[in-house]
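These are the residues of each chain, in order.
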Amino acid sequence: MIKTIRMILVGIGAVTAAAVLQRCGSTNAGEEKAPEKVPAVQAFLLTEGALLDTLSIPGELVAFQHVDLFAKVSSFVKKLYVDVGSEVRAGQLLAVMEAPELNAQSEGAQSRVQSQEAVYLASKATYDRLLETSKTPGTISQNDLDVARARQQSDYAQYQAAKAALKEVHDNRNYLEIRAPFSGVITARNVSAGAYVGPGAGAVPMFTLQEQKKLRLVVNLPESNAGVLDQNGAVRFTVKSLPGQQFAAKTSRVSGALDNRLRAQHVEMDVLNTDKKLLPGMIPEVQIPLQAGHQASFVIPGSALLNSSQGIYVIKVINGKTVWVPVKTGVQTGGKVAVYGDLHASDTLITTVTEEVRNGAPVDGKVALQ
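Residues numbered from 1 in each chain as written. Predicted model: local features only at pLDDT ≥ 70, side-chain atom pairs only at ≥ 80, totals over all residues. Heavy atoms only, no water.

**Student:** Even after reading the chapter, I still don't get the overall build of the chain, so can you show me in this structure?
**Tutor:** Summing up its helical and strand segments, the chain has 4 helices and 23 strands in all. The burial tally for the chain puts 33% of its 370 residues in the buried class. In the chain, 76% of the contacts between residues at least 6 apart in sequence involve partners at least 24 apart. Carbon and sulfur atoms make up 52% of the accessible area of the chain, which totals about 22,400 Å². (Helix = DSSP H or I, 4+ residues; strand = E, 2+ residues; numbered from the N terminus. Buried < 20%, exposed > 50% of the residue type's maximum accessible area, 1.4 Å probe, protein only. Contact = heavy atoms within 4.5 Å. Areas by Shrake-Rupley, 256 points an atom, 1.4 Å probe, with all protein chains shown as cover.)

The following block contains the structure:
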């Protein structure tokens, strides 16, 4: 009897547990099918707009023109006319060298020119006489006339070669004078009078010349901002050595490609520096204006942008339900961001979004427009 009662109790317990599990299972299934309702939310109507921003980035000031001046021919420095800090004009004489062997080469080349000229004049006279004589039939064979003409042409070619060699020697003598290719400032002098200089590997430049009345402001614009650079915008910058002073420039040259190493776009601005307050090599802080881009964009508060593991979204409210819309972002400044995507003016967007607001969830309350 007791055994029978135990069996009945065990059966009742099993039936009760099964009923409880069935009730729990049905509850979970119902939760998966029906998204959790969203309480009353704050929202706003979407409007088109342009968002401007200013990028602060370090740059570099470099000379507008910069050149290292080397000796063209092997020689000794005879005299220097400038030193570090000297301001020079284009074409001004900077140094004179001497190479005694060039004088001997010049004299030898001049002698060869005179010798070849004499040979040429003799062969020319011979050909002219034979040509005049050949006008009488039977006096000069055509072969002799052709040989004389060929000799005259050969001697003339030798004469021209001798003249070219003499010109080369004279040109080399002109290289003994070092002149400034443009106006600027001598920023380095690496030789003294009596030093041996010349071309070739390992040669040291005699001078370094820089143009400083006009400088280049160089910046490398990051890839994320390269597409929204205002290529006609005014640029302002400051330098640490001149606190409280602000300088202006204008975008002049844009590379149009990204550097393979830095993944940045090379941008240059021309800076007038007639008072020479700025120096090449300074590292200024540059304020570069950015524009939102050429296509229409919408400006939303940063709180309306959802950065999830699946991508970047905004959340629309359509017919009382939430809809996740993928977007791309542009300029971000002042807590606002420019976005691009399947958006239209007057769309209703939730102001503050989180991943708890599921896609397709009904809005259980009033949508308050701001």
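That was the structure; now back to the text.
**Student:** Got a minute to help me understand the packing of aromatic side chains in this structure?
**Tutor:** As enumerated under the stated definition, the model contains 5 aromatic pairs in all. Ring geometry for Tyr 120 and Tyr 159: centres 6.0 Å apart, planes at 5°, overall stacked. Here Tyr 159 lies in helix α3 (residues 142-174) and Tyr 120 lies in helix α2 (residues 100-133), a separation of 39 residues in the sequence. As far as the burial class goes, Tyr 120 and Tyr 159 line up, both buried. An aromatic cluster is present here, built from Tyr 120, Tyr 156 and Tyr 159 joined pairwise through their rings. The ring of Phe 64 is capped by Lys 214, whose NZ or CZ atom sits 4.5 Å from the centre of that ring. (Phe/Tyr/Trp six-rings, centres within 6.5 Å; stacked < 30°, edge-to-face > 60°. Lys NZ or Arg CZ within 6 Å of the ring centre and 35° of its normal.)

**Student:** Looking at this structure, how should I read the sheet that holds strand β5 (residues 75-80)?
**Tutor:** Strands pair in a sheet through their backbones, by hydrogen bonds, and they do so in one of two ways: parallel or antiparallel. Spatial ordering of the open sheet is given by β8-β7-β5-β10, a layout of 4 strands whose pairing is antiparallel. Each edge of the open sheet is held by one strand with a lone partner, namely β8 (177-179) and β10 (196-197). Here strand β7 (residues 93-98) pairs with β8 via 3 bridges, running antiparallel. Bridge pairing in β8 places Val 96 opposite Glu 177. (Pairing = 2+ DSSP bridges.)

**Student:** It is not clear to me how the layout of surface pockets should be interpreted in this structure. Could you clarify?
**Tutor:** Gaps left between atoms show up when a probe the size of a water molecule is rolled over them. Its volume calculated, the largest pocket comes out at about 200 Å³. Every residue along the wall of the largest pocket is listed here: Glu 36, Lys 37, Val 38, Pro 39, Ala 40, Val 41, Ile 350, Thr 352, Glu 356, Val 357, Arg 358 and Ala 361. By residue class, the composition of the lining of the largest pocket is 7 nonpolar, 1 polar and 4 charged. (1 Å grid on protein atoms, 1.4 Å probe; cavity = no way out; pocket = protein on both sides within 12 Å on 5 of 7 lines; lining within 4 Å. Points joined across faces, edges and corners; volume = space filled by probe spheres on them. Nonpolar A, V, L, I, M, F, W, Y, C, P; charged D, E, K, R; others polar.)

**Student:** Mind showing me how you'd approach the sheet that holds strand β9 (residues 184-189) here?
**Tutor:** Reading across from one edge, β4-β11-β9-β6 is the order of the 4 strands in this open sheet, with antiparallel pairing throughout. Looking at the sheet topology across the chains shown, the edges are occupied by β4 (66-69) and β6 (87-88). Across 4 bridges, the pairing between β9 and strand β11 (residues 207-210) is antiparallel. Of the residues in β11, the one forming a bridge with Arg 189 is Phe 207.

**Student:** What should I look at first to understand unusual backbone geometry in this one?
**Tutor:** Excluding glycine, most residues fall at negative phi; most peptide bonds, likewise, are trans. Residues other than glycine seldom take positive phi values, yet Asn 319 does so here, at roughly 55°. Counting through the fold element by element, Asn 319 comes out in the loop between β19 (311-318) and β20 (321-333). The exposure class assigned to Asn 319 is exposed, which follows from its relative accessible area of 78%. One non-glycine residue with positive phi stands out, namely Ser 346, at about 75°. Exposure remark for Ser 346: the relative accessible area of 51% places this residue in the exposed category.

**Student:** Whenever I open this one, the pattern of salt bridges confuses me. Can you help?
**Tutor:** Oppositely charged side chains can form a pair if their charged atoms are brought close together. Applying the stated rule across the entire model yields 10 salt bridges. Here Glu 268 ties to Arg 216 by a salt bridge, and the two come within 2.8 Å at their closest N and O atoms. Placement of the pair is Glu 268 in strand β15 (residues 264-272) and Arg 216 in strand β12 (residues 214-222), with a sequence separation of 52 residues. The partner of Arg 253 in a salt bridge is Glu 268, with the nearest N and O atoms 2.9 Å apart. On the criterion of sequence distance, the pair formed by Arg 253 in strand β14 (residues 247-258) and Glu 268 in strand β15 is long-range, its members being 15 residues apart. For Arg 253, a relative accessible area of 30% translates into the label partly exposed. (Salt bridge = Lys/Arg side-chain N within 4 Å of Asp/Glu carboxyl O.)

**Student:** Looking at this structure, how should I read α2?
**Tutor:** The periodicity of an α-helix, 3.6 residues per turn, causes residues three or four places apart in sequence to face the same way. For α2, with 34 residues, the first-to-last C-alpha span of 51 Å sits near the 50 Å given by 1.5 Å per residue. Taken as a whole, α2 has its buried residues at Leu 102, Ser 106, Ala 109, Val 113, Tyr 120, Ser 123 and Tyr 127. Against α3 lie the buried residues of α2. (Expected span 1.5 Å × (residues − 1).)

**Student:** How should I be thinking about the side chain of Gln 212 in this particular structure?
**Tutor:** With respect to the helices, strands and loops of the structure, Gln 212 is situated in the loop between β11 and β12. Residue classification places Gln 212 among the buried residues on the basis of a relative accessible area of 10%. Beyond its immediate chain neighbours, meaning those up to four positions away, Gln 212 contacts Val 185, Thr 187, Asn 273 and Pro 280.

**Student:** Would you take a moment to explain the packing of α2 against α3 for this structure?
**Tutor:** The packing of two helices is summarised by the inter-axis angle and the distance between the axes. Where α2 meets α3, the closest approach of the two axes is 8 Å, and the angle between their N-to-C directions is 160°. Relative to α3, α2 is oriented roughly antiparallel. As α2 runs across α3, the sense of the crossing is left-handed. Here the residues of the contact of α2 with α3 sort into 16 nonpolar, 10 polar and 9 charged. (Axes fitted to C-alpha atoms, helices over the stretch in contact; angles between N-to-C directions. Parallel < 35°, antiparallel > 145°, perpendicular 65-115°, else oblique. Left-handed = near helix turned anticlockwise from the far one by under 90°.)

**Student:** So what exactly am I meant to see when it comes to the pairing of β9 here?
**Tutor:** On a regular strand, one side chain projects to one face of the sheet and the next to the other, so that they alternate. Where β6 meets β9, 2 bridges bridge the pair, whose relative direction is antiparallel. The residue of β9 that forms the bridge with Val 88 is Gly 184.

In short, geometric facts, not functional conclusions.
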